[in-house]
Amino acid sequence: MKRPYKFGGVALVASGVLFVLLAFLDFRAGPPPSNGAEILVWRDSQALTLDFVSEFLFFATVLLIPGTIAVYQSLLDVDRTKAATGCGIIAATIPVIAVMLIVHGRLVYPIYGLRVDTPEAAALVVMVFYGGLHAIYLLLAIATILLGLAMKRGAYAKWIAYFGFAAAALDIIGSYPWAIGPDLTLVCELVLGGWFVAVGSELLRIRASLT
């Protein structure tokens, strides 16, 4: 029982740290323009930053897998329904993010010398990628609320659950980056990463209490 908590806790902390770094990278790159030709100019001017965004998001997503499994196991005997539903939603977002990364990569990386190089294609990639992020944030908000409700009854510190409720509210707000602007978007993304770090740290604390 202790091994999943340790591995999952470390993975979730690492994932959260990467999401925090992603928040700063997104802020550094700035929001994409609303014109296809300007998107290509933005892509070229922020090439290195967007490269790191793609790579960090990949590893942050992979690390969510063991972290999600550990969270589910830690809540299994507390509230099986909420744990399964919340963790199931997070698990469902992982392949969606993987597909979004493929789309994002076509804007950033050349394949056989081919890369998005027309305004129309650039606009389509941005719409699909950020539209996908919108759906991801809404799904994570639902999952976070469900897991927070389960955590209130389990071995987790109560503040973790309330932190999750705040993170869920900001996930909903952060799913509209084009409406709230880069500053508030940064706050929303930082809180999401911070919640993953907090939950992962709590898993390690629970693991230590089992010794």
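Report follows, based on the coordinates. (Residues numbered from 1 in each chain as written. Predicted model: local features only at pLDDT ≥ 70, side-chain atom pairs only at ≥ 80, totals over all residues. Heavy atoms only, no water.)

Thoughts on the pattern of salt bridges
And then number 1: For the structure on display, the rule yields five salt bridges.
And then number 2: With a shortest N-O distance of 2.7 Å, Arg43 and Asp44 are connected by a salt bridge.
And then number 3: Judged by its relative accessible area of 6%, Arg43 is buried.
And then number 4: Since its relative accessible area comes to 46%, Asp44 is described here as partly exposed.
And then number 5: The shortest N-O distance in the salt bridge between Glu202 and Arg205 comes to 2.7 Å. Here Arg205 and Glu202 lie together in helix H7 (residues 177–209), a separation of three residues that amounts to about one turn. (Salt bridge = Lys/Arg side-chain N within 4 Å of Asp/Glu carboxyl O. Buried < 20%, exposed > 50% of the residue type's maximum accessible area, 1.4 Å probe, protein only. Helix = DSSP H or I, 4+ residues; strand = E, 2+ residues; numbered from the N terminus.)

Notes on the packing of helix H3 (residues 47–75) against helix H5 (residues 119–151)
And then number 1: Direction vectors running N to C along H3 and H5 enclose 20°, while the axes themselves pass 13 Å from each other. Taken together, the axes of H3 and H5 are roughly parallel relative to one another. Judged by the sense of rotation from one axis to the other, the crossing of H3 with H5 is left-handed. On H5, the residues that touch Leu57, Val71 and Leu75 of H3 are Phe129, Leu147, Ala150 and Met151.
And then number 2: Its residues assigned to classes, the contact of H3 with H5 comprises seven nonpolar, no polar and no charged. (Axes fitted to C-alpha atoms, helices over the stretch in contact; angles between N-to-C directions. Parallel < 35°, antiparallel > 145°, perpendicular 65-115°, else oblique. Left-handed = near helix turned anticlockwise from the far one by under 90°. Contact = heavy atoms within 4.5 Å. Nonpolar A, V, L, I, M, F, W, Y, C, P; charged D, E, K, R; others polar.)

A few points about the side chain of Thr185
And then number 1: As for its placement among the helices and strands, Thr185 is situated in helix H7.
And then number 2: Thr185 has contacts with Pro177 and Ile180, leaving out every residue within four places of it along the chain.

Regarding empty space enclosed by the protein
And then number 1: The final tally for this structure, using the stated rule, is two cavities of 30 Å³ or more.
And then number 2: By volume, the largest cavity amounts to about 70 Å³.
And then number 3: Along its surface, the largest cavity is lined by Leu12, Leu64, Gly67, Thr68, Val71, Cys87, Ile90, Leu147, Trp195, Phe196 and Val199.
And then number 4: Of all the secondary structure elements, the ones that give two or more residues to the lining of the largest cavity are H3, helix H4 (80–108) and H7.
And then number 5: Among the elements that take part in the lining of the largest cavity, H3 stands out by supplying four residues, more than any other.
And then number 6: For the lining of the largest cavity, the class distribution of residues is nine nonpolar, two polar and no charged. (1 Å grid on protein atoms, 1.4 Å probe; cavity = no way out; pocket = protein on both sides within 12 Å on 5 of 7 lines; lining within 4 Å. Points joined across faces, edges and corners; volume = space filled by probe spheres on them.)

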